[in-house]
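Single-letter residue listing:
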Amino acid sequence: MYIFKNAVMNIGRNKGRNILMAVIIFAIILTTVISIIINTTTREIIDDYKSRFGTEVTIDFDYDKLSKAGSGIEFLTLQQQVDFSKSELLKNTIFEGSLPVILEKIDPVPGEMDSFIPEDTDYLPNARLCGTNREYVSEDFESGARKIIEGRMYENRSECIVSRQLAALNNLSVGDSIEVRAENSGKGYTAYKLIVSGIFEDLTMLPENSKFEQYATLANRNNEILTDFETLDTSGLIDYEMIRDPFFVRYILKDPAMLEDFKEELTEKGLPEYYRALTDEVSYKRIVGPVEGMAKITTTFLFVVLILGSVVLIVLSTLSIRERKYEIGVLRAIGMSKGKVALGLLFEVLIITSICLVIGLGVGAVVS
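These numbers come from a predicted model, not from an experiment. (Residues numbered from 1 in each chain as written. Predicted model: local features only at pLDDT ≥ 70, side-chain atom pairs only at ≥ 80, totals over all residues. Heavy atoms only, no water.)

**Quick notes on the overall build of the protein**
Point 1. Counting secondary structure elements, the protein contains 11 helices and 10 strands.
Point 2. The buried share of the protein, reckoned over its 368 residues, is 41%.
Point 3. Look at the contacts in the protein between residues 6 or more apart in sequence, and 81% of them connect residues 24 or more apart.
Point 4. Accessible surface, the protein: about 21,300 Å² in total, of which carbon and sulfur atoms supply 59%. (Helix = DSSP H or I, 4+ residues; strand = E, 2+ residues; numbered from the N terminus. Buried < 20%, exposed > 50% of the residue type's maximum accessible area, 1.4 Å probe, protein only. Contact = heavy atoms within 4.5 Å. Areas by Shrake-Rupley, 256 points an atom, 1.4 Å probe, with all protein chains shown as cover.)

Spelled out as structure tokens, the structure:
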């Protein structure tokens, strides 16, 4: 106990030297805390995007091999893509489809190029029936560009949601039914009835959000009728003979490392050689690249600070011991062992370090 009390008193006696040491230790702890927190955060971001882009697989043409395939190209059918989704390597499969349809007995929200279209357009699609099995429907609903303002999201087959603009134009309310039709080769037009379960506010076609300077009725996103993928698939509106590949399918792997195994499995299930399984590497590199650069910089900075700080502390400690030769000699003369003298000096450093550690952790967490 005496050694500890003496160490505390020595800190007060040698204020100048101990303050200098405390400043250096504090600086080392502060920069270390900041570097570690930034490194941890960037690693979490990298892992998140690696999981997001590395596990999301789409199937597209391999254009190098496509040119060699000649005229014997076969488009993937929905049934093939469903078969691909029955894999133990997959966590989930996202199906999306968008089908041009004609609205029956109601008018579409007009586009800015309607004056260029002939008057007799009953045979032309003027809306889109969009289906997906995603819970959040689309990024527009996540970002707030679209949101339900009346009723609810579709939950059952044949239910749909429509835009406020389309509903207002045709006096549609929740619970009303609408009918759409689409051309089916050999069968004329096939009609399908949908129940409006909800109405959403659509902000995507505002001038500041729209991607189109001028657009036709079909390109007006206020005319999109949203439903679940099962409704779209079983509606009978899709002409599989005319449109062989109307769907966009994304396969979500359980782990990015399973990509090669999934590719082998697709080949075994009959995926033609002119198709390939792709991950979104471009988006991954664009988003993660700067973050990885920051992680490398902070890691390098951390090592430089630790090395330089350690060297400075060693030099200060050596000078401190030389200055305190007389004090150490007195302690030895009154019978204190070398071990207890060293323990006293160690206590001084530990006390200063503990104080700096508490302050450094708090300041570091805020600054980082």
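**Topic: the nonpolar core**
Point 1. If you look at the biggest cluster of nonpolar residues, it comprises 45 residues, and the most contacted ones within it are V162, I178 and I225.
Point 2. Ignoring sequence-local partners within four residues, the contact set of I225 consists of L103, R128, L129, C130, C160, I161, V162, L166, I178, V180 and L194.
Point 3. Within the second largest apolar cluster, 8 residues are counted, among which are M21, I24, I29 and L316. (Core = buried A, V, L, I, M, F, W, Y, C linked by side-chain atoms within 4.5 Å.)

**Remarks on the side chain of D202**
Point 1. By the secondary structure assignment, D202 is in strand β7 (residues 188-202).
Point 2. In terms of polar contacts, D202 uses its side chain to reach the side chain of R146, at 2.3 Å.
Point 3. Aside from chain neighbours lying at most four places away, what touches D202 is A145, R146, S163, Q165, R221 and N222. (Polar contact = N/O pair within 3.5 Å; in protein donor to acceptor, adjacent residues only side chain to side chain.)

**Points about helix α4 (residues 78-85)**
Point 1. The set of residues buried in α4 consists of L78, Q81, F84 and S85. Taken down its axis, α4 places every buried residue within 115 degrees of arc, on the same side.
Point 2. Where the residues of α4 are buried, they touch β1 (56-61), β2 (90-104), α7 (229-234), β9 (247-253) and α8 (259-268). (Arc of directions from axis to C-beta.)

**Remarks on the packing of aromatic side chains**
Point 1. Evaluated as defined, the whole model comprises 6 aromatic pairs.
Point 2. Taken together, F61, Y63, Y274 and Y275 form an aromatic cluster joined through their ring pairs. (Phe/Tyr/Trp six-rings, centres within 6.5 Å; stacked < 30°, edge-to-face > 60°.)

**What to know about the pairing of strand β8 (residues 224-228)**
Point 1. For β8, the buried fraction is high: 5 of the 5 residues fall into the buried class.
Point 2. As judged from the 5 bridges shared by strand β3 (residues 127-132) and β8, these two strands associate in the parallel manner. In the sheet register, G131 faces β8, and the bridge partner there is T227. (Pairing = 2+ DSSP bridges.)

**Brief notes about a nonpolar patch on the surface**
Point 1. On the surface, F303, L306, I307, V311 and V315 cluster together into a nonpolar patch covering about 450 Å² of accessible area.
Point 2. Within the secondary structure, V315 is located in helix α9 (residues 281-323).
Point 3. Look at V315 and you get partly exposed, because its relative accessible area is 44%. (Patch = residues over 30% accessible without salt bridge, like charges linked within 9 Å, V, L, I, M, F, W, Y side chains within 5 Å. Salt bridge = Lys/Arg side-chain N within 4 Å of Asp/Glu carboxyl O.)

**Observations concerning the pattern of salt bridges**
Point 1. In this structure the tally under the stated criterion is 15 salt bridges.
Point 2. Ionic pairing is found between R157 and E230, a salt bridge with its closest N-O pair at 2.3 Å. Note that R157 is positioned in the loop between β4 (146-151) and β5 (159-163) and E230 in helix α7, a separation of 73 residues in sequence.
Point 3. One salt-bridge network, held together by shared partners, links E56, E96, R134, E139 and R250.

**Here we look at the side chain of R146**
Point 1. Here R146 shows up in strand β4.
Point 2. Taking relative accessible area as the criterion, R146 reaches 1% and is therefore assigned buried.
Point 3. For R146, the side chain forms a polar contact with the main-chain oxygen of R221, separated by 3.0 Å.

**Here we look at the environment of I252**
Point 1. One can find I252 in strand β9.
Point 2. I252 gets classed as buried once you look at its relative accessible area, which sits at 11%.
Point 3. Sequence separation of I252 and V57 is 195 residues, and the distance between their C-alpha atoms is 6.3 Å.
Point 4. The residues touching I252, leaving out its near neighbours within four places in the chain, are T55, E56, L90, K91, N92 and I94.

**Let's talk about the confidence of the model for the protein**
Point 1. Mean pLDDT over the protein stands at 79; residues scoring 70 or higher make up 75%.
Point 2. Here helix α1 (residues 2-13) stands out as the element of the protein with the lowest mean pLDDT, 61, in contrast to β5, whose mean of 95 is the highest. (pLDDT = per-residue confidence, 0-100.)

**Looking at the environment of V109**
Point 1. Tracing the sequence through the fold places V109 in the loop between β2 and β3.
Point 2. Given the relative accessible area of 12%, V109 is considered buried.
Point 3. With 113 residues separating them in the primary sequence, V109 and N222 have C-alpha atoms 6.6 Å apart.
Point 4. Sequence-distant contacts of V109, defined by excluding residues within four places in its chain, comprise Q165, L166, L169, T217, N220, N222 and N223.

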